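What follows is each chain in one-letter form.
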Amino acid sequence: SQTIHQWPATLVQPVGSPLSLECTVEGTSNPNLYWYRQAAGRGLQLLFYSVGIGQISSEVPQNLSASRPQDRQFILSSKKLLLSDSGFYLCAWSRRLNTEAFFGQGTRLTVV
Amino acid sequence: AQKITQTQPGMFVQEKEAVTLDCTYDTSDPSYGLFWYKQPSSGEMIFLIYQGSYDQQNATEGRYSLNFQKARKSANLVISASQLGDSAMYFCAMRELTGANNLFFGTGTRLTVIP
């Protein structure tokens, strides 16, 4: 069966510090991978998606970047965090573009 | 314009009763998929049910069913025989064929099951 791992579960970082959130998928190959952000009490906003190694598409301009160094690894990064980067970050994968997405446990990021 | 609209910020239901969570969508794409997710307090997004735009039958998964009314562009989630563990946020989402890389989410409905 397929599983998705996302860590850490919670993170408190000072403004201006770097960020690296990692997501890995097991049990499938060549998944489509996604990073979403959820503001408090809101729905999810797509940040990045990837259909293959090294292929990253950004949906919204922001202080973040994403990389896919391996087929089943997706990393969300920032060089300098802003207060507005606080939120709940969710990694997800899907088999094909038009199928359901399966989500990781999420990372609650607080920038102080 | 909002792709997905959930007009009920919060809903209450008595345990063992059925409840309907509303969802309307907006798209000009003839091919799309509709999804419902449950988000408990832990934060994880749990996939519940899927309805394709060309599906003739309403989707069902256990106690979940999707009341798909294509002409009205609505995809309401029906939960039968509510349980205390159903208390959570519920999100409706849509994926269009032309923009198939993105799941558009509604703002969610918080369901509280009352014992």
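These notes cover the structure that comes with them. (Residues numbered from 1 in each chain as written. Chains lettered and ligands numbered in written order. Predicted model: local features only at pLDDT ≥ 70, side-chain atom pairs only at ≥ 80, totals over all residues. Heavy atoms only, no water.)

## So, unusual backbone geometry
The phi angle of most residues is negative, glycine excepted, and most peptide bonds adopt the trans form.
Item 1. Residue P8 of chain A follows W7 of chain A across a cis peptide bond; omega there is 0°.
Item 2. The phi dihedral of N30 of chain A falls on the positive side, at around 50°, and the residue is not glycine.
Item 3. On the basis of relative accessible area, N30 of chain A is assigned to the partly exposed category, the value being 47%.
Item 4. You will see that K16 of chain B, though not glycine, has its phi angle at about 80°, which is positive.
Item 5. Inspection of the secondary structure assignment puts K16 of chain B in the loop between β2 (10-14) and β3 (19-21).
Item 6. Its relative accessible area of 66% is what places K16 of chain B among the exposed residues. (Buried < 20%, exposed > 50% of the residue type's maximum accessible area, 1.4 Å probe, protein only. Helix = DSSP H or I, 4+ residues; strand = E, 2+ residues; numbered from the N terminus.)

## Let's talk about the state of the cysteines
Any covalent bond linking the sulfur atoms of two cysteines counts as a disulfide.
Item 1. Going through the model one piece at a time under the given rule, you end up with two disulfides over all chains.
Item 2. Between C23 of chain A and C91 of chain A runs a disulfide, and the two sulfur atoms are separated by 2.0 Å. Where C23 of chain A bonds to C91 of chain A through sulfur, the torsion about that S-S bond is close to -75°, and the disulfide is left-handed. Placement of C23 of chain A in strand β3 (residues 19-26) and of C91 of chain A in strand β9 (residues 87-94) is noted, with a sequence separation of 68 residues between them.
Item 3. The class for C91 of chain A is buried, based on a relative accessible area of 0%.
Item 4. A sulfur-sulfur distance of 2.0 Å marks the disulfide that ties C23 of chain B to C92 of chain B. Looking along the S-S bond of the C23 of chain B-C92 of chain B disulfide, the torsion reads about -65°, which is the left-handed sense. With C23 of chain B in the loop between β3 and β4 (24-25) and C92 of chain B in strand β10 (residues 88-96), this pair connects stretches of sequence that are 69 residues apart.
Item 5. Owing to a relative accessible area of 0%, C92 of chain B belongs among the buried residues under this scheme. (Disulfide = S-S within 2.5 Å.)

## Quick notes on the interface of chain A and chain B
A common way to express how large an interface is: the accessible area buried when the components associate.
Item 1. Each side of the interface is counted separately: chain A has 23 residues, and chain B has 18 residues.
Item 2. Note on chain A versus chain B: buried area summed over both sides is about 1600 Å², and carbon and sulfur give 53% of it.
Item 3. Across the chain A-chain B interface, the total number found is zero salt bridges.
Item 4. Inspection of the chain A/chain B interface yields four residue pairs in polar contact (both at pLDDT 80 or more).
Item 5. Every element with two or more residues in the side of chain A that touches chain B is listed here: β4 (32-38), β5 (44-52), β9 and β10 (102-103) of chain A.
Item 6. Of all the elements, β5 of chain A adds the most residues to the side of chain A that touches chain B, at four residues.
Item 7. Of the residues belonging to the side of chain A that touches chain B, the class tally is 12 nonpolar, eight polar and three charged. (Contact = heavy atoms within 4.5 Å. Buried area = accessible area lost by both parts, 1.4 Å probe. Salt bridge = Lys/Arg side-chain N within 4 Å of Asp/Glu carboxyl O. Polar contact = N/O pair within 3.5 Å; in protein donor to acceptor, adjacent residues only side chain to side chain. Nonpolar A, V, L, I, M, F, W, Y, C, P; charged D, E, K, R; others polar.)

## Section: the nonpolar core
Item 1. With 24 residues, the main nonpolar core has Y25, W36, I49, L77, Y90 and L111 of chain B as its most contacted residues.
Item 2. For this core, the secondary-structure elements that each account for two or more residues are β3, β5 (32-39), β6 (46-52), β8 (64-69), β9 (74-79), β10 and β12 (109-114) of chain B.
Item 3. Element by element, the count of residues in this core is highest for β10 of chain B, at four residues.
Item 4. Excluding residues that lie within four positions of it along the chain, Y25 of chain B makes contacts with K3, I4, Y32, L34, F68, K70, K73, S74, A75 and M94 of chain B.
Item 5. Counting 20 residues, the second-largest nonpolar core is a separate cluster that includes L21, L81, W93 and V111 of chain A. (Core = buried A, V, L, I, M, F, W, Y, C linked by side-chain atoms within 4.5 Å.)

## Digging into the side chain of T109 of chain B
All names here are of chain B.
Item 1. With respect to the helices, strands and loops of the structure, T109 is situated in strand β12.
Item 2. Of the polar contacts made by the side chain of T109, one reaches the backbone oxygen of Q8; its length is 2.6 Å.
Item 3. Setting aside chain neighbours within four positions, we find T109 in contact with Q6, Q8, P9, G10, M11, L21, A88, M89 and Y90.

## Comments concerning the layout of surface pockets
Item 1. When its volume is computed, the largest pocket comes out at roughly 420 Å³.
Item 2. Forming the boundary of the largest pocket are 20 residues, of which G43, L44, Q45 and L46 of chain A together with F105 of chain B lie nearest the centre.
Item 3. In terms of residues, the lining of the largest pocket owes the most to one element, β5 of chain A, which gives three residues.
Item 4. Tallied by class, residues from the lining of the largest pocket come to 10 nonpolar, six polar and four charged.
Item 5. Of the voids in this model, the second largest pocket is the one considered here, and its volume is about 360 Å³.
Item 6. In terms of lining residues, the second largest pocket is bounded by 22 residues, among which Q38, G41 and R108 of chain A together with Q39 and R110 of chain B are the most central.
Item 7. When residues of the lining of the second largest pocket are traced back to their parent elements, those giving at least two are β9 and β11 (107-111) of chain A together with β10 and β12 of chain B. (1 Å grid on protein atoms, 1.4 Å probe; cavity = no way out; pocket = protein on both sides within 12 Å on 5 of 7 lines; lining within 4 Å. Points joined across faces, edges and corners; volume = space filled by probe spheres on them.)

Any link to function would need more than the numbers given here.
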